[in-house]
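Letter by letter, the chains look like this.
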Amino acid sequence: MRILDELKGCGTIGISGHQNPDGDCAGSCMGLALFLRKAMPEARVDVFLEPLRDELYRNIPGTETIRADFRTDIDCYDAFIVLDSAKDRISAAKTFFDRAARTINIDHHISNPGSAMVNYVNGSSSSACELVFEVIDHDLIDARIAQALYVGMVTDTGCFRFSNTSRRTMEIAGYLITFGFEFPRIVREVYFEKTWVQQKILGKALSKSKSYLGGRCIVSTLDRMAIQALGGVGKDVEGIVSALVSTTGADCSIFAHERQGGEWRVSLRSNQIVDVASIAARFGGGGHIRASGCTIGPDREITTSILKMVEMAGEQLRQDVQDRPDM
Ligand SMILES: [Mn+2]
């Protein structure tokens, strides 16, 4: 797909991505918007996204033009583009999408059935930003566009660590950094940096963690009181479950934190063997083999539920040993 061919004759273009936008969502929307504003100077390009986390707002160029209030004076956009998700997760932008004369969906989630008139969905791509790079004209890329796309690639590949990182991903990232933006700062601020409160919460979770299955499953929990006592809120627990699974000898981790109303949000990770999606599914949740989550309602006892999850992980680990051929 060449995006300029798809948008020929369009005077008004809307762009949106999923709710609770991450680096890939915001980076792909802004990367594409900055490109279109340059390639089609006569056209009006509006971006609609929920408010961004501060580190994304600062590190993705052009974010000050985002319409976070989802207001516009345009009734029907000539074209509306959804990035990094299907049309069902774009909150208030759904109205603009439904009214638009032409709709386009660009996404790298394999579950996306293609929800627009024109679809470019590639489940083997690392990120929506990688797909945006493929559809724009490369002679118009500048440092701002390159930086926006780089942020998304860093976010969705875990800094080029996850298995979705391909040779093509590295080639594109290598090309983008030649535009001379400050990429070490982006990796630090977007990927590694935590607030002091978040660091203290992580410390608390690590210090009270428990080791099960001979060190192959590391578990920790934080109730609301514990998070509040350190000055934090629910979203400050992000990344804890990954820190737990990075323990030597561990294959999986479980982290649960209490939300309003006595509900617990449980996150599960694994490195190589345990299929945490199947465990989460047994508790009404879901996700990927290596990263999943579920919610345990107030009617269920969290400690008992977690012990059941550990038991299921243990069964999988034992099965794995049995399945291995004799050396
Ligand atoms: Mn993405």
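Residues numbered from 1 in each chain as written. Predicted model: local features only at pLDDT ≥ 70, side-chain atom pairs only at ≥ 80, totals over all residues. Heavy atoms only, no water.

Description of the packing of aromatic side chains
And then number 1: Within the structure shown, the criterion is met by 14 aromatic pairs.
And then number 2: Pairing Phe 80 with Phe 96 gives two aromatic rings, centres 6.3 Å apart and planes at 45°, and the pair type is tilted. Placement of Phe 80 in strand β3 (residues 79-83) and of Phe 96 in helix α4 (residues 94-99) is noted, with a sequence separation of 16 residues between them. The exposure classification of Phe 80 matches that of Phe 96, with both residues buried.
And then number 3: Within the aromatic cluster, the residues linked to one another by ring pairs are Phe 48, Phe 70, Tyr 77, Phe 80, Phe 96 and Phe 97. (Phe/Tyr/Trp six-rings, centres within 6.5 Å; stacked < 30°, edge-to-face > 60°. Helix = DSSP H or I, 4+ residues; strand = E, 2+ residues; numbered from the N terminus. Buried < 20%, exposed > 50% of the residue type's maximum accessible area, 1.4 Å probe, protein only.)

Overview of the coordination of the manganese ion
And then number 1: Taken together, the protein ligands of the manganese ion are Asp 24 (OD), Asp 84 (OD), His 108 (NE2) and Asp 156 (OD), with distances of 2.1 to 2.3 Å.
And then number 2: In the primary structure, the donors to the manganese ion are separated according to the pattern D-x59-D-x23-H-x47-D. On the criterion of sequence distance, the pair formed by Asp 84 in the loop between β3 and α4 and His 108 in the loop between β4 (103-107) and β5 (118-121) is long-range, its members being 24 residues apart.
And then number 3: Taking relative accessible area as the criterion, Asp 84 reaches 1% and is therefore assigned buried. (Donors = N, O, S within 2.8 Å, 3.2 Å for Na, K, Ca; no water.)

Some words on the packing of helix α2 (residues 23-39) against helix α5 (residues 128-135)
And then number 1: Two numbers describe how α2 lies on α5: the axes approach to 8 Å, and their chain directions differ by 15°. Judged by the angle between their axes, α2 and α5 are roughly parallel. In terms of crossing hand, the pair formed by α2 and α5 is right-handed. Contact residues: Asp 24, Gly 27, Ser 28 and Leu 32 in α2; Ala 128, Cys 129 and Val 132 in α5. (Axes fitted to C-alpha atoms, helices over the stretch in contact; angles between N-to-C directions. Parallel < 35°, antiparallel > 145°, perpendicular 65-115°, else oblique. Left-handed = near helix turned anticlockwise from the far one by under 90°. Contact = heavy atoms within 4.5 Å.)

Notes on unusual backbone geometry
And then number 1: Located in the positive-phi region is Asn 20, a residue other than glycine, with phi close to 50°.
And then number 2: Residue position: Asn 20 is located in the loop between β1 (12-16) and α2.
And then number 3: By relative accessible area, Asn 20 is classed as exposed at 58%.

Quick notes on α5
And then number 1: Buried residues dominate α5, accounting for seven of its eight residues.
And then number 2: Turning to α5, its buried residues number three or more, namely Ala 128, Cys 129, Glu 130, Leu 131, Val 132, Phe 133 and Val 135.

What to know about the domain arrangement of the protein chain
And then number 1: Segmenting the protein chain into domains produces domain 1 (3-192) and domain 2 (196-323).
And then number 2: Inter-centroid distance (C-alpha atoms) of domain 1 to domain 2 is 31 Å. (Domains from an automatic or database assignment.)

A look at the sheet that holds β3
And then number 1: Pairing is parallel in the open sheet, where five strands are placed in the order β2-β1-β3-β4-β5. One side of each edge strand has no neighbouring strand; the edge strands of this open sheet are β2 (44-48) and β5. The average undirected angle you get between the axes of adjacent strands in this sheet is 15°.
And then number 2: As paired strands, β3 and β4 are joined by four bridges and run parallel to one another. (Pairing = 2+ DSSP bridges.)

Here's the deal with the packing of α5 against helix α6 (residues 143-156)
And then number 1: At a minimum axis distance of 7 Å, the contact between α5 and α6 shows a crossing angle of 145°. Judged by residue contacts, Cys 129, Glu 130, Val 132 and Phe 133 of α5 engage Ala 148, Leu 149, Gly 152 and Met 153 from α6.
And then number 2: Partitioned by chemical class, the residues of the contact of α5 with α6 number six nonpolar, one polar and one charged. (Nonpolar A, V, L, I, M, F, W, Y, C, P; charged D, E, K, R; others polar.)

Description of the layout of surface pockets
And then number 1: Put simply, the second largest pocket is a space of about 200 Å³.
And then number 2: Of all elements in the fold, only β6 (210-212), β7 (217-222) and α13 (302-323) reach the threshold of two or more residues within the lining of the second largest pocket.
And then number 3: Considering each element in turn, the lining of the second largest pocket owes the most residues, four residues, to α13.
And then number 4: Classifying every residue of the lining of the second largest pocket gives six nonpolar, three polar and two charged. (1 Å grid on protein atoms, 1.4 Å probe; cavity = no way out; pocket = protein on both sides within 12 Å on 5 of 7 lines; lining within 4 Å. Points joined across faces, edges and corners; volume = space filled by probe spheres on them.)

Topic: the state of the cysteines
And then number 1: This model, assessed by the stated rule, comprises zero disulfides.
And then number 2: Of all cysteine sulfurs, the one in Cys 252 lies closest to Cys 217, which takes part in no disulfide; the gap is 3.5 Å.
And then number 3: Exposure remark for Cys 217: the relative accessible area of 0% places this residue in the buried category. (Disulfide = S-S within 2.5 Å.)

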